[in-house]
Amino acid sequence: MRFVDEYRDGGRARSLAAGIAARCEPGRRYTFMEVCGGHTHTIYKHGLEDHLPPEVTLVHGPGCPVCVIPMGRVDDAIHIASQPDVIMTSFGDMMRVPGGQGSFLDAKAAGADIRMVYSPLDALKIAKANPGRRVVFMAIGFETTAPSTAMTVLRAAAEGVRNFSVFCNHVLVIPAIKAILDSPDQRLDGFIGPGHVSAVIGCEPYAFIARDYGKPLVVAGFEPLDVLQSVHMLLGQLAEGRAEVANQYARVVPWGGNRTAMTAIGTVMRMRPHFEWRGLGFISHSALGLADAYAEFDAERIFDLPGVRVADPKACQCGEVLKGVLKPWECKVFGTACTPETPIGTCMVSSEGACAAYYNFGRFSRERVKEATRS
Amino acid sequence: MCLGIPGELVAADADHPDLAVVDVGGVRRRINVALLTEEDLQVGDWVLVHVGFALSKISESEAQAVLDYLEGLGPAYDDELDALRGSDIT
Ligand code: SF4
C-alpha cells in the first residue's frame, strides 16, 4: 500500500533509530512516558523498543480509560443495572472490568439487562424504543469520548427523552499527567502525548508541563514511525535544553483542538472536586460529572447509589503499572492468575491496557530474557 | 472504544443535518457529524469516527494509514467493526 509505506518504511525507521541514538548524550539515561494506551499497543506490536538505544526507556502511562475505573464505580453501575426496570448500556470494553462483586458479564448472567452499544446515541435509541424502562448509559473514557456523551445528553434534552440517563465516569488526561509528575517515585524526562484526546483538547493545555515542570511533550500519531519520530523530537529538545509542547500529529490534531466538542463538554458537564482512579487513588479535579442544568439525565442523582469504596485486590499492582513504575510482567500475578480471560486487574482487560498489550504480543518473555541476561 | 476508525462520507442526510452516512471498511452506517460543523464536510471527505461521532477530518492518505494500522490490530478492530455493525443511529 503506497500510503502506508510513508509511516512504516523500514529504511526510515532505521535512519530515525540512528538519529535517536545520535541525540543521546553519552552516559545520560532518558525515560519517556507514553500516556495513551494506543501508543503502548503500537510499541509492543512493532517491538519499537528494539529500535531504541539502551539509554532510552519508554514507560506506560494511565491512558487507558477502562484501566482506571475503580471497583466501587463498577459495583455502583451493577447496582443500577440490577433495578428491575433498568436497561444498562455501555461499550464492549466495559463488560469484563472486574468490580468488587464481579463484572457486567457476571451481572448479566445473573439476570441484569446489560447491553453493549457502539455509541451513546445507540443507548438513546434504546431508550426511545423502550419508554417503559429506564435506560442508563455507563459513560467511560477520556476527552475523546466525553464530547459524544455530552452531545447525546443535549439530544436527549432537545427531544425530551425522559427515561434516559448517564452514569458519568469521564476522566481527564491533564490531571492524571500532573499527578504522575507530582508522584515522588517517578522520574520522567518527557512525554509522548495522546493523539486523539488532543484532537479534542488541542495542544495548549499541556503548556504547564513544559513551563512548570521543564519537561517536553510531543503529541504523537499511532504509526510506528510516528512514535519513533516523537522520541527523536523529544531528544532534540532535551539536547538543546528546551522544553516545549510540539505536535507531531498535526495531520489529525489541530493546535486549538475541537472547539465544538469542548463547548458541548462545558455545557453538559462540570468538573468533579475529586475522583478515584483505580491504582492512582483520588485525584482532584480529574473527572467530569453532569452539570446541574442536566441533573434529570444524571444517573447518580436518579438512583440511590451504594458509593462504597472498594480496595483493589492485594495481588493487583495496576497502580504501579499505570504510573509506569513497574513493567507489567513484574506484577506477581501477570500471566498466571491474571490473564485477559480472567483479569484480576483492569490493565489486563482492554487491548489498550499495558498488561494485555504485553500479554498479547508475547513481549514479556523477551523482556524477561533480556533482564535475566543483564543481571 | 478508544479506536478512531476512518470513514468516508458517502451521503448527507437531508432530514438530519447532524447526521451523515459513512463507509467504514465496507460497513455503511449513519454517524453524527455535528462536532465538525466548522469543517464544511462534503461527500468524499474522510473523517475519524469515535463511538458514532466524527471527531476530526483527515486526508485520504491518513485514512489509509489508519485503516492499515487497525487491520493489524486483529481482534480489537474486529470487535470495534462488529459493534459498529450493530449500531443504528437515527
Ligand atoms: S498483571 Fe493483572 S493485576 Fe498485575 S498489574 Fe497487570 S492487570 Fe494488574
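For the structure given in this document, a descriptive report is provided here. (Residues numbered from 1 in each chain as written. Chains lettered and ligands numbered in written order. Predicted model: local features only at pLDDT ≥ 70, side-chain atom pairs only at ≥ 80, totals over all residues. Heavy atoms only, no water.)

1. Topic: the overall build of chain B
Here's step 1: Along the backbone of chain B there are 2 helices and 5 strands.
Here's step 2: Helices (α) and strands (β) of chain B occur, in sequence order from the N terminus, as β-β-β-β-β-α-α.
Here's step 3: In terms of C-alpha radius of gyration, chain B reaches 12 Å, essentially the compact-globule figure of 12 Å for 90 residues.
Here's step 4: Oriented by its inertia axes, the alpha-carbon framework of chain B measures out at about 35 × 25 × 20 Å.
Here's step 5: The buried share of chain B, taken over its 90 residues, is 56%.
Here's step 6: Sequence-distant contacts in chain B: of pairs separated by 6 or more residues, those separated by 24 or more amount to 43%. (Helix = DSSP H or I, 4+ residues; strand = E, 2+ residues; numbered from the N terminus. Rg over C-alpha atoms; globule rule 2.2 N^0.38 Å. Buried < 20%, exposed > 50% of the residue type's maximum accessible area, 1.4 Å probe, protein only. Contact = heavy atoms within 4.5 Å.)

2. Brief notes about the sheet that holds strand β7 (residues 190-193) of chain A
Residue and element names in this part refer to chain A.
Here's step 1: Taking strand neighbours across the sheet as the criterion, the 5 strands line up as β2-β1-β7-β8-β9 in an open arrangement whose pairing is parallel. Only two strands of the sheet have a single neighbouring strand rather than two, namely β2 (56-63) and β9 (245-247). In this sheet, neighbouring strand axes are inclined to one another by 20° on average, regardless of whether the strands run parallel or antiparallel.
Here's step 2: Two elements, strand β1 (residues 30-36) and β7, share 3 bridges in a ladder whose sense is parallel. Note on β7: the bridge partner recorded for F32 is G190.
Here's step 3: Against the sheet, helix α8 (residues 173-182) touches β1, β2 and β7, its axis set at about 155° to β1. (Pairing = 2+ DSSP bridges. Axes fitted to C-alpha atoms, helices over the stretch in contact; angles between N-to-C directions.)

3. Section: the pattern of salt bridges
Residues and elements named next belong to chain A.
Here's step 1: Applying the stated criterion across every chain yields a total of 26 salt bridges over all chains.
Here's step 2: Across the pair R134 and D85 runs a salt bridge, and its minimum N-O distance is 2.8 Å. Of this pair, R134 sits in strand β5 (residues 134-141) while D85 sits in the loop between α4 (71-81) and β3 (86-90), and the two are 49 residues apart along the sequence.
Here's step 3: According to the relative accessible area criterion, R134 is partly exposed, its value standing at 31%.
Here's step 4: With its nearest N and O atoms 2.9 Å apart, the salt bridge here joins R242 to E244.
Here's step 5: Connected through shared salt-bridge partners, R73, R272 and E300 make up one network. (Salt bridge = Lys/Arg side-chain N within 4 Å of Asp/Glu carboxyl O.)

4. With respect to the pairing of strand β1 (residues 5-12) of chain B
When a strand is regular, its side chains alternate between the sheet's two faces.
Residue and element names in this part refer to chain B.
Here's step 1: Strand direction decides the pairing type here: β1 and strand β4 (residues 46-50), joined by 4 bridges, are antiparallel. For E8, the partnering residue across the bridge sits in β4 and is W46.
Here's step 2: Following β1, the chain reverses through 6 residues before pairing antiparallel with strand β2 (residues 19-24).

5. Some words on the environment of B:P17
Residues and elements named next belong to chain B.
Here's step 1: The residue P17 is located in the loop between β1 and β2 in this model.
Here's step 2: Owing to a relative accessible area of 69%, P17 belongs among the exposed residues under this scheme.
Here's step 3: A sequence separation of 15 residues divides P17 from N32, and the C-alpha atoms of the two residues are 9.0 Å apart.

6. A look at unusual backbone geometry
Residues and elements named next belong to chain B.
Here's step 1: One non-glycine residue, D40, lies in positive phi territory at about 50°.
Here's step 2: Take D40: it is sitting in the loop between β3 (27-32) and β4.
Here's step 3: Positive phi is not limited to glycine here, since V51 has a value of about 35°.
Here's step 4: For V51, the position within the fold is in the loop between β4 and β5 (53-58).

7. Thoughts on the packing of helix α3 (residues 37-45) of chain A against helix α15 (residues 354-361) of chain A
Residues and elements named next belong to chain A.
Here's step 1: Running from N to C, α3 and α15 point in directions that differ by 20°, and their axes come no closer than 9 Å. Overall, the two elements α3 and α15 adopt an arrangement that is roughly parallel. Of the two elements, α3 crosses α15, and the hand of that crossing is right-handed. Residue-level contacts link T40, H41, Y44 and K45 of α3 to A354, A357, Y358 and F361 of α15.
Here's step 2: Of the residues contributing to the contact of α3 with α15, the split by class is 5 nonpolar, 2 polar and 1 charged. (Parallel < 35°, antiparallel > 145°, perpendicular 65-115°, else oblique. Left-handed = near helix turned anticlockwise from the far one by under 90°. Nonpolar A, V, L, I, M, F, W, Y, C, P; charged D, E, K, R; others polar.)

8. Describing the side chain of A:R278
Here's step 1: With respect to the helices and strands, A:R278 occurs in the loop between β11 (274-277) and β12 (281-284).
Here's step 2: The residues contacting A:R278, other than those within four sequence positions of it, are A:C67, A:V68, A:I69, A:P70, A:M71, A:V74, A:V97, A:P98, A:D312, A:L322, A:I344 and A:T346.

9. Concerning the site of the ligand
Here's step 1: The environment of the ligand is formed by A:C316, A:Q317, A:C318, A:V321, A:C331, A:V333, A:F334, A:C338, A:G345, A:C347, A:M348 and A:C355.
Here's step 2: Looking at the shell around the ligand residue by residue, the class counts come to 10 nonpolar, 2 polar and no charged. (Near = heavy atom within 4 Å.)

10. Notes on the sheet that holds strand β4 (residues 114-116) of chain A
Residue and element names in this part refer to chain A.
Here's step 1: Judged by pairing direction, the sheet is parallel, and its 4 strands sit side by side in the order β4-β3-β5-β6 without closing on themselves. In this open sheet, the two strands that pair with only one neighbour each are β4 and β6 (164-170). For this sheet the average axis-to-axis angle between neighbouring strands, irrespective of direction, equals 25°.
Here's step 2: In terms of strand pairing, β3 meets β4 through 3 bridges, oriented parallel. Counterpart to M88 in the pairing with β4 is I114.
Here's step 3: Packing against the sheet, α4 makes contact with β3, β4, β5 and β6, and its axis sits at approximately 170° to β6.
Here's step 4: With respect to the sheet, helix α7 (residues 146-159) is in contact with β5 and β6, its orientation differing from that of β6 by roughly 160°.

11. Some points on α3(A)
Residues and elements named next belong to chain A.
Here's step 1: Summarising burial for α3: 8 of the 9 residues are buried, a large majority.
Here's step 2: For α3, the full list of buried residues reads G37, G38, H39, T40, H41, T42, I43 and Y44.
Here's step 3: Directly beyond the C-terminal end of α3, a positive phi value near 55° is found at G47.

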